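Summary of structural features
The primary structure of each chain is shown beneath.
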Amino acid sequence: MATGRTHRPATRSRGIPEATVARLPLYLRALTALSERSVPTVSSEELAAAAGVNSAKLRKDFSYLGSYGTRGVGYDVEYLVYQISRELGLTQDWPVVIVGIGNLGAALAGYGGFASRGFRVAALIDADPAMTGKPVAGIPVQHTDELEKIVAEDGVSIGVIATPAGVAQVVCDRLVAAGVTSILNFAPTVLSVPDGVDVRKVDLSIELQILAFHEQRKAGEEPGADTAEAPAAVPSAGRATGEGERKGPDGDMPAVMPA
């Protein structure tokens, strides 16, 4: 089976928009559920509803794949599962390393959805010497000193960072220097990477803040309603504006993280 290091998905060379690429996993999830129920075909309206998009957008997305369905019949479920899986590179073997085996990293290590979607957890890495050799989800944890060796020997091109924010950039730099070209970042910080390296950021606190915004709106509590009565904030003497920002729960970050 091919490894992630020598084979890359063809989405960019085929000119598929990033917005479409971001929706392909949604379609694949809905199609996989249909396949598991032995549903042979599905209409664009039914699939769009299952994926949470409108049918016109779905048909446009599938046109980039060369799939147009059959009038009166719809789309062949099994063929679409294969086609989208191939486009996303999921018909290959993608070795993944997870760095930072705290509660989140351990949970990710035990996630059963990786293997079924073409991702193999090749190694778990942590800086704590007490964790070295400890099995997590059946995989022994290795020390960060072995990071470069692991990446090279397993042909790893995807790294998952689940470390505290303060060390995430250092870990990222080491992964990139070792040859990792795609990073999934769970650390509450923005990573700087060179051209040619892709980063996807997952921040649960931001998602919760967005939900809180919608809950506030649903409750009819418009932000800024009392702005006219509120006194203007005055910076402390001897400080430049902005220096008085309070620290968030993760250290030197704003209390509300930027998107």
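Refer to the structure printed above.
Let us look at the structure shown here.

The rules behind each value
Residues numbered from 1 in each chain as written. Predicted model: local features only at pLDDT ≥ 70, side-chain atom pairs only at ≥ 80, totals over all residues. Heavy atoms only, no water. Helix = DSSP H or I, 4+ residues; strand = E, 2+ residues; numbered from the N terminus. Buried < 20%, exposed > 50% of the residue type's maximum accessible area, 1.4 Å probe, protein only. Contact = heavy atoms within 4.5 Å. Areas by Shrake-Rupley, 256 points an atom, 1.4 Å probe, with all protein chains shown as cover. Phe/Tyr/Trp six-rings, centres within 6.5 Å; stacked < 30°, edge-to-face > 60°. Expected span 1.5 Å × (residues − 1). Pairing = 2+ DSSP bridges.

1. With respect to the overall build of the chain
Each helix and strand in the chain was counted, giving nine helices and nine strands. Looking at the chain as a whole, 36% of its 259 residues are labelled buried. In the chain, 58% of the contacts between residues at least 6 apart in sequence involve partners at least 24 apart. Approximately 15,200 Å² of the chain is accessible, and the part contributed by carbon and sulfur atoms is 56%.

2. Details of the packing of aromatic side chains
Counted by the stated rule, this structure contains three aromatic pairs. Aromatic side chains Phe62 and Tyr75 sit 5.1 Å apart centroid to centroid with 85° between the ring planes, which places their arrangement in the edge-to-face category. Linking Phe62 in helix H3 (residues 55-65) with Tyr75 in strand S2 (residues 75-76), this pair joins segments that are 13 residues apart in sequence. Look at Phe62 and you get buried, because its relative accessible area is 0%. Residue classification places Tyr75 among the buried positions, given a relative accessible area of 6%. Taking the centre distance of 5.1 Å and the plane angle of 85° together, the rings of Tyr111 and Phe114 count as edge-to-face. Three or more aromatic residues joined by ring pairs make a cluster, and in this case those are Tyr27, Phe62 and Tyr75.

3. Structural notes on helix H1 (residues 18-36)
Taking 1.5 Å of rise per residue, the 19 residues of H1 would be expected to cover 27 Å, and the 28 Å separating its terminal C-alpha atoms lies within 8% of that figure. All buried positions along H1 are accounted for by Thr20, Val21, Arg23, Leu24, Tyr27, Leu28, Ala30, Leu31 and Leu34. Buried residues along H1 sit in contact with strand S1 (41-42), helix H2 (44-51), H3 and helix H4 (77-88). Just downstream of H1, Ser38 is the residue with a positive phi angle, here 60°.

4. A closer look at the sheet that holds strand S5 (residues 135-136)
The mixed open sheet is built from seven strands, whose spatial order is S5-S6-S4-S3-S7-S8-S9. At either end of the open sheet lies a strand with only one pairing partner, and these are S5 and strand S9 (198-201). Bridge analysis of strand S3 (residues 94-99) against strand S4 (residues 119-126) gives six bridges, and the strand direction is parallel. Residue pairing for S4: Val99 is matched across the bridge by Ile125.

So far we have only geometry, and geometry alone does not tell us how the molecule works.
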